[in-house]
Amino acid sequence: MPEKTYLQAISDGLRQEMRRDERVFVLGEDVGVYGGAFKVTAGFLDEFGPWRVIDAPLSEIAIVGGATGSALMGLRPIAELQFSDFVACAWDQVVTVAAKQHFRAGTPVPIVLRLPSGGGFSGGPFHSQSPESAFTHVPGLKIVCPATPHDAKGLLATAVEDPNPVLYFEHKHLYRRIKAEVPDERYTIPFGKARIERAGDDVTLVTWGAMVYTAAEAAEALQSEGVSAEIIDLRTLQPWDKRAVLESVAKTSKLLILHEDTRTSGFGAEIAAQLVEEAFEQLDAPIRRIAAPDTPVPFSPVLEKAYIPQVEDVAGALRELAEY
Amino acid sequence: MVTQTQIDVVMPQMGVSVSEGTIVKWLKGEGEQVLADEPLLEISTDKVDTEVPSPAGGVLGRIVKLEGETVAVGTTIALITTAGGALAEEPKPESAAERAPTSPEPVAAQSTAATDHVFVSPVVARIAAEHSLDLELISGSGRGGRVTKKDILAHIAASQAPEAETVVSEPLPVPVTSSAATNGDRLETMSQMRRSIAEHMRRSLDTAAHATTVFEVDMSSVVAIRSRLKPEFLERHGVRLTYLAFVARATIEALRNWPWLNAEIRGQEIVTHSYINLCIAVAMDGGKGLVVPTIRNAEGLNLLGMARAIQDVGDRARSRQLTPDDVEGGTFTITNPGGHGSVVGTPIINQPQVAILDTEALVKRPVVITDDKGVDAISVRPIMNLCLSFDHRLIDGAYAVQFMAEVRKSLESWGEERY
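Position labels on residues start from 1 in each chain and follow its written sequence. As a convention, the first chain written is A and the first ligand written is 1, with the rest following in written order. The predicted origin of the model limits local features to residues at a pLDDT of at least 70 and limits the giving and counting of side-chain atom pairs to 80 or more, whereas totals for whole chains, interfaces and linings rest on all residues.

**A short note on the overall build of chain A**
Now for step 1: Segments assigned H or I by DSSP are reported as helices when at least four residues long, segments assigned E as strands when at least two residues long, and all are numbered from the N terminus. The secondary structure content of chain A amounts to eleven helices and 14 strands.
Now for step 2: Every C-beta atom is placed from the backbone, and the number of other C-beta atoms within 10 Å of a residue's own sets its class: buried at 20 or more, exposed at 12 or fewer, partly exposed in between. Classification of the 324 residues of chain A by burial places 55% in the buried group.
Now for step 3: A fraction of 79% describes how many contacts in chain A between residues 6 or more apart in sequence connect residues 24 or more apart. Contact definition: two residues whose C-beta atoms, as placed from backbone geometry, lie within 7 Å.

Structure below.
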C-alpha cells in the first residue's frame, strides 16, 4: 500500500470523487490556476477544466452561497475556504441558509466545506484557529476532523456522499508532516465512529485532529511510568461516537478530553457534560479538559507553544488522573 | 448587599516535622460566638496535645472536621463567619440578585471541604453499594488515601478468591479483619499520643542496648536545705522547690565531666553536645500518656532557675500548652516516678539520647554510717534510689557508674552556700 501525506490523501480523495461523479466540483480562492493555497488541488484545472475547478472571488459568503445554490440544483460542490478562520465571513450562508434548508424546505444541501484549520506554524490569530466547536452548536451541520491520511481520504468520500452540509476541518499542521499508508482504491469511513488510536486501562483520553499525535506521544511517555492511557480519536464531532467513549470510561473510570480549540464552550465541555449525565456512576475522578486558553492564537512561536496544548501538559494531566 | 467574611480554621502546623493532627475536642459549638484567640478546640499531634486559638472573632459557622478525625496540616477544619455574616445562607428572594456576585466564596469553601481523603467517587460508591462493602475496611491508594476503583475491585477480587478455591482440603486461615469487642471488652482507637509513644518505646528498645544501674543516695543534706529554702522560694518567687530540682542540678554538673552521657550515636559517629537540653518526663492524668518537655540550655540554670523551669514545663504539659519546639532537641532525660512510692525502675531511653535517669521515692531507711574514726553506726536516713538506664553501645558500665557516683556525691554533700 502506498504511503501518502495527509495532504496527498485529501488531494487523492478529491480527485477520486471528481473522477467518480461528474456532479462533484471544487470552488474556492485560487483553487484553479494556482492549485490552492496549500496545493491540494494542484493539477485539477488541467484534468477537470474550468467548469469543475472554479477560482472564486475573494468572498467566502459567495463561495458558500454558490455551493449551497448549486447543491440545491443537484450538484455536489466541494468548497475550499483558504483558512477555516474565514468561514466566519460565510457564517450566514453556513448557519442560516445551508444548515436550515432541509428543515425549512425538505431539500438536502450536500455541500462539503474544506476548512484548513489549526496552528503550530506561527500563522497568527487569523490563520491558526480551530473553530470546529462553534459549528457543533448548529443543528444541521456535520463536523469532520480527520487526524490520519487514511481517515482524511475515507471521511472525505463519506462527506461527499452525505446529503447534509459537511464542514471538513483538515489540520494544516498535518499536511506534509504526517505520512501513512493510504489505499489507492476508494473507501468510505462512517461518520460517528471513533477510532481507538491506542488501547489502555487507566485513563481514557478523547481527542481529535492534530492533538491525536500530542496525545499519543504523552501516552507513550507515561507507559514507562506504568500508566496505560486509552486514546480515542473521535474523527467526527457531529455526530460523535458517544458509545465508544462510554465504553472506554466504563473500563477506566477516568476521562481526559484534549482539544486545540479554546477551552470555554469547546466541544470538550459537551463531552464532559454528556459523560456526567450518562456515566456519573462510572467516574472515579473528576473529568479533566486540556484545551487552549481563552485568547486568540498568538503569533510569537514561544507564545504559540504555550498556547497550544503540549505533550508535557497532557502527560501531566494523565499522571494526575492516574494517581487521583 | 450582605457583607460577610469567612475565615477558614485550618489544622495548624505544630512544628516542622508534624504533618497531621487529631481533633480531640471542640470547645465551641456551631453557631456559638467566639472571640479572636479564644481557645476553639483541642488537638493532638504526635508531639503534643494543645489548644488551638480562634483565628478570628465571629460565629463558628460550621465544623467541618469532627472530634476524633485526623487530618493533614492545613486542612480546613471549621469556618468562622465574622461580623454579622451568615454562612452559606439561603439567598433571600429579594436579595438574590445582589448576592450572586459574592456567592463564589461559600462555594469555594465547600469544595475545599469536599476534597479531603474521605471522598468517595461515584463509581466507588456504586460498587460499594452493589457489594454491600464498608469502605472503612479497604485501604486506599488514591490521593489522600482515597479508595479508588482499582482498590475496591482488588478488594472484591481478594475476598472472592478463597471461595473459588474451596476444593482445597487444607482449611483456610480465618482472615483477620477488624477486631470486634466481645465479652464486654471495650474497644477504643489509640490516641495519636498513644500511637506515638508505642512506636517510640518499641523503637528505643530495638535501637539501644539498654542496661540499668541503681544507686542509693543519702538525701539528708538536700532534705535539710530544701526544708529551709522551700517557703522562701514559694513566697518570693512563686516556685515550688522539689527534690527533682536538686537531682537535676547535680546531674547537669556531673554531665559536664561525663560528656558521652549527653551525646547521641549518629550512624558511625558519636555526637557529643556542647549544651544540655534536659528533658523532664511528665505523666498525663488518668494514664493518658506521657510528654517529655525540654528545658533548653539547662546547664545555665541555678537551683531557683531549675525549679522554676521544671514547674513551668510541668504545668504547661498538664494544661496542654506545650508547643512542638518544647518537646524537641533534648539531650538527656530525667523521669520521676518516685512520687508514688516506686523504689526501682528500668526506664527506657528517650531516643536519640543515650541515657535516662530515674528518681525514685525518698524513703527513710536504716543505714550503716561510718564516722571519721572508722566507727560504724546505724542511722535512719532519707534514701533515694537513682536508676540510670544507659545505652551500652556507647556507654561502658564503668563510665556510667562513675557518673552516678559523682551525682551521688554531689547530692550527699550539698552545702548551704550552694544554689
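Picking up where we left off.
**A look at the sheet that holds strand β6 (residues 142–144) of chain A**
Residue and element names in this part refer to chain A.
Now for step 1: Sheet architecture is open: seven strands sit in the order β3-β2-β4-β5-β7-β6-β12, paired in mixed fashion. The open sheet has two free edges, formed respectively by β3 (53–55) and β12 (236–238), since each of these has just one partner strand. Here the strands of the sheet are splayed against their neighbours by 20° on average, with no regard to which way each runs.
Now for step 2: Whether two strands pair comes down to DSSP finding at least two bridges between them. Pairing analysis gives two bridges linking β6 to β12, with the strands arranged antiparallel. Residue Val144 lies in a different strand from β12, and its bridge partner there is Thr236.
Now for step 3: Those strands touched by helix α3 (residues 60–72) are β2 (24–28), β4 (76–80) and β5 (112–117), and its axis lies near 170° from that of β4. Here, axes are lines fitted to C-alpha atoms. For helices the fit covers the stretch in contact, and angles between N-to-C directions go from 0 to 180 degrees.

**Some remarks on the interface of chain B and chain A**
Now for step 1: Contact with chain B, which involves nine residues of that partner, is made by nine residues of chain A.
Now for step 2: The biggest single contributor to the side of chain B that touches chain A is helix α3 (residues 122–130) of chain B, with four residues.
Now for step 3: Residue composition of the side of chain B that touches chain A, grouped by class: three nonpolar, three polar and three charged. Residues are grouped as follows: Ala, Val, Leu, Ile, Met, Phe, Trp, Tyr, Cys and Pro are nonpolar; Asp, Glu, Lys and Arg are charged; all remaining types, including Gly, are polar.

**Overview of the sheet that holds strand β18 (residues 376–391) of chain B**
Sheet strands associate in pairs through backbone hydrogen bonding, adopting either a parallel or an antiparallel arrangement.
Residues and elements named next belong to chain B.
Now for step 1: Reading across the sheet, the six strands line up as β9-β18-β17-β16-β12-β15 and stay open at both edges, with mixed pairing between neighbours. The open sheet has two edge strands with one neighbour each: β9 (210–218) and β15 (294–295).
Now for step 2: Two strands pair when backbone bridges link them, and strand β16 (residues 332–335) and strand β17 (residues 355–370) are joined in this way by three bridges, in the parallel orientation. From the neighbouring strand, Thr333 faces β17, where its bridge partner is Ile356.

**So, the packing of helix α7 (residues 211–223) of chain A against helix α11 (residues 311–323) of chain A**
For any two helices packed against each other, one specifies the crossing angle of their axes together with the interaxial distance.
Residues and elements named next belong to chain A.
Now for step 1: At a minimum axis separation of 8 Å, α7 and α11 run at an interaxial angle of 55°. Taken together, the axes of α7 and α11 are oblique relative to one another. For the pair α7 and α11, the sense of crossing is right-handed. Two secondary-structure elements touch here, α7 through Thr214, Ala215, Glu217, Ala218, Ala219, Ala221 and Leu222 and α11 through Val311, Val314, Ala315, Leu318 and Arg319. Just so you know how the angles are binned, under 35 degrees is roughly parallel, over 145 roughly antiparallel, 65 to 115 roughly perpendicular, and the rest oblique. Helix crossings get a hand from a simple test, with the near helix turned counterclockwise from the far one by less than a right angle marking a left-handed crossing and a clockwise turn marking a right-handed one.

**Quick look at the pairing of strand β2 (residues 20–26) of chain B**
All names here are of chain B.
Now for step 1: Bridge analysis of β2 against strand β7 (residues 70–72) gives three bridges, and the strand direction is antiparallel. Pairing of Glu20 across the sheet is with Ala72, part of β7.
Now for step 2: Judged from the four bridges that link them, β2 and strand β4 (residues 39–44) form a sheet pairing that is antiparallel. Bridged to Trp26 within β4 is Leu41.

**Topic: unusual backbone geometry**
Now for step 1: A cis amide bond links Gln238 of chain A to the next residue, Pro239 of chain A, at an omega of 0°.
Now for step 2: Mapped onto the fold, Pro239 of chain A is located in the loop between β12 and α8 (242–252).
Now for step 3: Note that the residue after Gln351 of chain B, namely Pro352 of chain B, is joined by a cis bond; omega there is 5°.
Now for step 4: Tracing the chain through its elements places Pro352 of chain B in the loop between β16 and β17.
Now for step 5: One non-glycine residue with positive phi stands out, namely Asp30 of chain A, at about 65°.
Now for step 6: Note that Asp30 of chain A resides in the loop between β2 and α2 (44–48).

**Thoughts on the confidence of the model for chain B**
Residues and elements named next belong to chain B.
Now for step 1: With 84% of its residues at a pLDDT of 70 or more, chain B shows a mean pLDDT of 83.
Now for step 2: A residue's pLDDT is the confidence the predictor assigns to it, expressed on a 0 to 100 scale. In this model residues 85–117 is a low-confidence stretch, pLDDT under 50, and it forms 34 contacts with partners more than four residues away in sequence or in other chains.
Now for step 3: A low-confidence stretch, residues 163–177 (pLDDT under 50), is modelled with two contacts involving residues beyond four sequence positions or located in other chains.
Now for step 4: In the model output, the complex is listed with pTM 0.53 alongside ipTM 0.81.

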